[in-house]
Amino acid sequence: MGKCISDNCLALVKRWEGCDLTAYRDPVGVWTIGYGTTDADRSITGVTIKKGLKISQETAERWLRKSLETKYLPLVLKYDDRYHWNQNQLDALVSFAYNIGSIDQLTADGTRTIKQISAHIPAYNKAGGKVLDGLTRRRREEKALFDRKVSAVSTKKYTVTFQTESKYKTVSYGGNSVYNSACGPASLCNALRAAGIADVGLMTMCRLAVSCGARVDGGTDMAALLKAASERYGFSFTATYKNADLRKHLQAGGTAILHAGSAYPLFASGGHFVSAVSVSGDTITVLDSYWYDGKYTSTTLRRDNVTVVKRGVIRTGLSQCGWATLDRNPSYYLLTPKPRTVRTTTRINARADAGVTSKKVGTLDKGAALLVLGESKNWIETSVWIAKKHCELEDGKAVTLANLNARAENSVHSEKVGTIRKGMTMPALETTENWVRVPVWAARKYTT
């Protein structure tokens, strides 16, 4: 399974590289846009970087990821046979290479040990012979990531719904049996349970498929079943054929249904639905409802590309998922729980982190609707938008230059939900032409 960068790498680079959505001349006169993209990157962008060019934030990030993956990742992987980089080491070194140009000198052309490489990272903090504070902090962050232990591939215990229980051989699902034909409903049961959206029985899902017209000749119309199920169980879904979309979605904690075909019989010899429930690097954890002993050792293709974790749970590469779904469009259905919101019951402090000792950065108005991004026992994490023109942006942080209205969305017409105080330094989670999104924490007991 090939190695690739993770979102940790992308986030690290974005924190240290400024992003301009309008083309500008750099100090040596080269037209530049996004996160340092120039005309030398035309094979990535497909356009000429010139005066007047404007792009979206999404385009800037797409070009950055493609640049990291196609230009700088290979500079790190050329030493992989020597070092066998783990994910954190690889991410840190790709960021380093993006800034410095390569890792040849850092590794002494592959002659240094891992420990020596780590020790030498902080030395690359100078420009023009002068030590720069920004480079010092960037090297410190890259070294911390390089040294961080890699979390093991998820060992979460998944409960799998199987259609291949003997009792289902004689249970009808449309014109065939549940045992032979209910991979669609079973895969949806598995995806919903793994995402924490709903725990639905297989027969309940089969009845829903029949009642909404999703049971069709040859199997299940997954789009029709998802439409009916999303209204009943409270989730949204999108369809895509892109591996990058699948990876990003799983990294964000979502689950997906893979629509496998017959051209590349990894999951089955014919059409089949399975559930993708997590990703680590380039490794996808998949739940397969159509299970029998020896399934994934029965062919060379499966033996070479699949690892069986336990009954119904396997791991395979992202690229393998792409090949297995190549003759189906869409290849993937991405499932997302509907966002949860809470409202404040009184005017409360907005804090920089969870805890009463955390710095107060502002206030949240009574009745403010807050989107829940994270939570602990006593605290809720949310985010607000503030006017960019009243902030100073540096090193991925926003410093407020005045007391600012905090809004729910990036628009002056959006609901005002509170105030952020002057002089606050906060992480800039997202920026647009006129707005900056920053995180805040609220006491759970004052929300409903």
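Just above, that's the structure.
A brief structural summary. (Residues numbered from 1 in each chain as written. Predicted model: local features only at pLDDT ≥ 70, side-chain atom pairs only at ≥ 80, totals over all residues. Heavy atoms only, no water.)

### Some remarks on the environment of Gly218
Part 1 of the reasoning: Counting through the fold element by element, Gly218 comes out in the loop between strand 8 (215–216) and strand 9 (219–220).
Part 2 of the reasoning: Along the sequence, Gly218 and Asn405 sit 187 residues apart, while their C-alpha atoms lie 56 Å from each other. (Helix = DSSP H or I, 4+ residues; strand = E, 2+ residues; numbered from the N terminus.)

### Considerations on the packing of aromatic side chains
Part 1 of the reasoning: Tallied over the entire structure, the rule returns eight aromatic pairs.
Part 2 of the reasoning: Ring geometry for Trp85 against Phe146: centres 6.4 Å apart, planes inclined by 65 degrees, an arrangement best described as edge-to-face. In this pair, Trp85 is assigned in the loop between helix 4 (80–83) and helix 5 (87–100) and Phe146 in helix 8 (residues 133–147), connecting sequence segments 61 residues apart.
Part 3 of the reasoning: Relative to Tyr124, the ring of Phe96 lies with its centre 5.1 Å away and its plane at 80 degrees, an arrangement referred to as edge-to-face. (Phe/Tyr/Trp six-rings, centres within 6.5 Å; stacked < 30°, edge-to-face > 60°.)

### A short note on helix 12 (residues 222–233)
Part 1 of the reasoning: Compared with the 16 Å implied by 1.5 Å per residue over 12 residues, the 15 Å span of helix 12 between its first and last C-alpha is a close match.
Part 2 of the reasoning: Listing the buried residues of helix 12 in full gives Met222, Leu225, Leu226, Ala228, Ala229, Ser230 and Tyr233.
Part 3 of the reasoning: The distance from a side-chain oxygen at the start of helix 12 to the backbone nitrogen of Ala223 is 3.3 Å, and the residue carrying that oxygen is Asp221.
Part 4 of the reasoning: With its phi angle positive at about 75 degrees, Gly234 sits one or two positions after the end of helix 12. (Expected span 1.5 Å × (residues − 1). Buried < 20%, exposed > 50% of the residue type's maximum accessible area, 1.4 Å probe, protein only. Polar contact = N/O pair within 3.5 Å; in protein donor to acceptor, adjacent residues only side chain to side chain.)

### Some details on the packing of helix 1 (residues 7–16) against helix 5
Part 1 of the reasoning: Helix 5 packs onto helix 1 with a crossing angle of 30 degrees between their chain directions and a minimal axis gap of 9 Å. In terms of axis orientation, helix 1 runs roughly parallel to helix 5. Our pair here, helix 1 against helix 5, has a crossing hand that is right-handed. Taking contact as the criterion, the partners of Asn8, Cys9, Leu12 and Val13 in helix 1 are, on helix 5, Asn88, Asp91, Val94, Ser95 and Tyr98. (Axes fitted to C-alpha atoms, helices over the stretch in contact; angles between N-to-C directions. Parallel < 35°, antiparallel > 145°, perpendicular 65-115°, else oblique. Left-handed = near helix turned anticlockwise from the far one by under 90°. Contact = heavy atoms within 4.5 Å.)

Taken by themselves, the reported measurements are silent on function.
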